[in-house]
Amino acid sequence: MLNKKILLIAACCLILSSCGSDHSSAKKNGSNSTQNLSSGANSPAATNQEDVAVESNDNALNSENGQASEEDMEQLATTPDALEIPEFKYHINKAYRVAPNEEGIEKKVVLLTFDDGPKEQEMLEVMLDTLDKHEAKAIFFVNGYRVKSNPDLLKLIHKRGQIIGNHSWDHIDLKKEAADSARKQVEDVQQIVSETIGESPRFFRPPFGSGNDALHGIVEENEMIYMTWSNGSLDWDAKFKNKPEGIINNVMEQLHPGSNILMHELPWTAEALDELLTRIKAEGYGFVDPRTISVQPQDSPDS
Ligand SMILES: [Zn+2]
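Residues numbered from 1 in each chain as written. Predicted model: local features only at pLDDT ≥ 70, side-chain atom pairs only at ≥ 80, totals over all residues. Heavy atoms only, no water.

J.: How would you explain the packing of aromatic side chains if you had to name every residue and give the values?
T.: If you walk through the whole model with that rule in mind, you get four aromatic pairs. Centre to centre, the rings of Y96 and Y226 are 6.1 Å apart; their planes meet at 40 degrees, and the pair counts as tilted. Pair noted here: Y96 is in the loop between strand 1 (90–92) and strand 2 (98–100) and Y226 is in strand 7 (residues 225–226), with a separation of 130 residues, a long-range link. Here a set of aromatic residues connected by ring pairs shows up, and it is made of Y96, F204 and Y226. Directly above the aromatic system of Y285 lies the positively charged group of K108, at a separation of 5.0 Å from the ring centroid. (Phe/Tyr/Trp six-rings, centres within 6.5 Å; stacked < 30°, edge-to-face > 60°. Helix = DSSP H or I, 4+ residues; strand = E, 2+ residues; numbered from the N terminus. Lys NZ or Arg CZ within 6 Å of the ring centre and 35° of its normal.)

Pasting the structure below:
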């Protein structure tokens, strides 16, 4: 009798523990809180993630013997956070700040952005390591001509889980360009980035923050979110060249909920970054994951 009881208890434990592991793996896949990887900027947030997982598995099983080849597995393993895309929570408002899509979402956040790359591996690696240290994601707004010279650096940014944005091909004032020339400046970058890392940018920032209605239209047609910034670090200003402390002070003085922080791939910014992120966190701010930024919902609190 006693033995039977023990057996029964043991069987229950076994069932419970296997239930537990099922639950945890379901949670890890996060089917309720993830986006479909292939979704564009306009897609709804809560698309089931399983489609993506199935697609990836199909690819992995495409090799001759029906088993995933080493190359396939490596490709899956190096796709950054492929199965962990968070849901849309924020948008860029008219003042180019990051704002919550609905009440109840944390307002005290900042968006980190770095323009004018990809430039130089050593500096870039310092920035990527610092972002990792603070578990922060940023948008790297790149120029097409630099991507053409440094495709491996673009791949590095992407592989390290950071987000690529479009900053035009030549870094020219697009407001002064004819519409067809401005379109080429935008769309050639979409193309080279897509060819290099397999996906096109979802974010656009015009050089010098300079744009017009035609440019807004072109960016929208390419399913990108347009932004300038709301907190300029002035790291591009000759006055702050080689002055990391000055850059930190500039950002901290302007810090506000939803700060869209403009920085550049520059050595003194790379040097300032660790201390800057530490101080932003000490003020109680979090870092927005750019993948959680959608187009502005019609019924958002600030629409
Ligand atoms: Zn720029």
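J.: Talk me through the coordination of the zinc ion; I want residue IDs and the actual numbers.
T.: For the zinc ion, every protein donor is listed as D116 (OD), H167 (NE2) and H171 (NE2), and the spread of their distances is 2.1 Å. Ordering the donors of the zinc ion by residue number gives the pattern D-x50-H-x3-H. Linking D116 in strand 3 (residues 109–117) with H167 in the loop between strand 5 (163–166) and helix 7 (179–197), this pair joins segments that are 51 residues apart in sequence. The exposure classification of D116 matches that of H167, with both residues buried. (Donors = N, O, S within 2.8 Å, 3.2 Å for Na, K, Ca; no water. Buried < 20%, exposed > 50% of the residue type's maximum accessible area, 1.4 Å probe, protein only.)

J.: Which residues make up the pattern of salt bridges, and what values go with them?
T.: With the rule as written, the count across this model stands at eleven salt bridges. A salt bridge links K133 to D274; the nearest nitrogen and oxygen atoms lie 2.9 Å apart. Here D274 lies in helix 10 (residues 267–282) and K133 lies in helix 4 (residues 121–133), a separation of 141 residues in the sequence. The partly exposed category is assigned to D274, whose relative accessible area is 29%. Here D188 and K184 are joined by a salt bridge, their closest N and O atoms 2.8 Å apart. Of the two residues, D188 and K184 are both situated in helix 7; the distance of four residues between them amounts to about one turn of the helix. Salt bridges sharing partners connect three or more residues here, namely D129, D132 and R160. (Salt bridge = Lys/Arg side-chain N within 4 Å of Asp/Glu carboxyl O.)

J.: Residue-level account of the packing of helix 6 (residues 151–159) against helix 7, with values.
T.: At a closest axis distance of 10 Å, the pairing of helix 6 and helix 7 adopts a crossing angle of 70 degrees. When the axis of helix 6 is compared with that of helix 7, the two are roughly perpendicular. Of helix 7, the residues touching helix 6 (which contributes P151, L154, K155 and H158) are V193, T196 and I197. Class assignment of the residues belonging to the contact of helix 6 with helix 7 gives a composition of four nonpolar, two polar and one charged. (Axes fitted to C-alpha atoms, helices over the stretch in contact; angles between N-to-C directions. Parallel < 35°, antiparallel > 145°, perpendicular 65-115°, else oblique. Contact = heavy atoms within 4.5 Å. Nonpolar A, V, L, I, M, F, W, Y, C, P; charged D, E, K, R; others polar.)

J.: So what's going on with the side chain of H256? Residues and values would help.
T.: Summarising the element assignment, H256 is placed in the loop between helix 9 (244–254) and strand 9 (259–264). Polar contacts involving the side chain of H256 include one to the side chain of S230, which spans 2.9 Å. In this structure the side chain of H256 is engaged in a polar contact, spanning 2.8 Å, whose partner is the backbone oxygen of Q254. (Polar contact = N/O pair within 3.5 Å; in protein donor to acceptor, adjacent residues only side chain to side chain.)

J.: Can you break down the nonpolar core residue by residue, with the values?
T.: Judged by nonpolar contacts, the single largest core of 37 residues is most densely connected at V110, L112, F114, L131, F140, V193 and I280. When contributions to this core are tallied by element, the ones reaching two or more residues are strand 3, helix 4, strand 4 (138–142), helix 6, helix 7, helix 9, strand 9 and helix 10. Ranked by residues supplied to this core, first place goes to helix 10 with six residues. Those residues in contact with I280 that sit more than four places away from it in its chain are V110, V251, M252, L255, I261, Y285 and F287. Residues Y90, L174, V219 and I293 belong to the second largest nonpolar core, which totals 24 residues. (Core = buried A, V, L, I, M, F, W, Y, C linked by side-chain atoms within 4.5 Å.)

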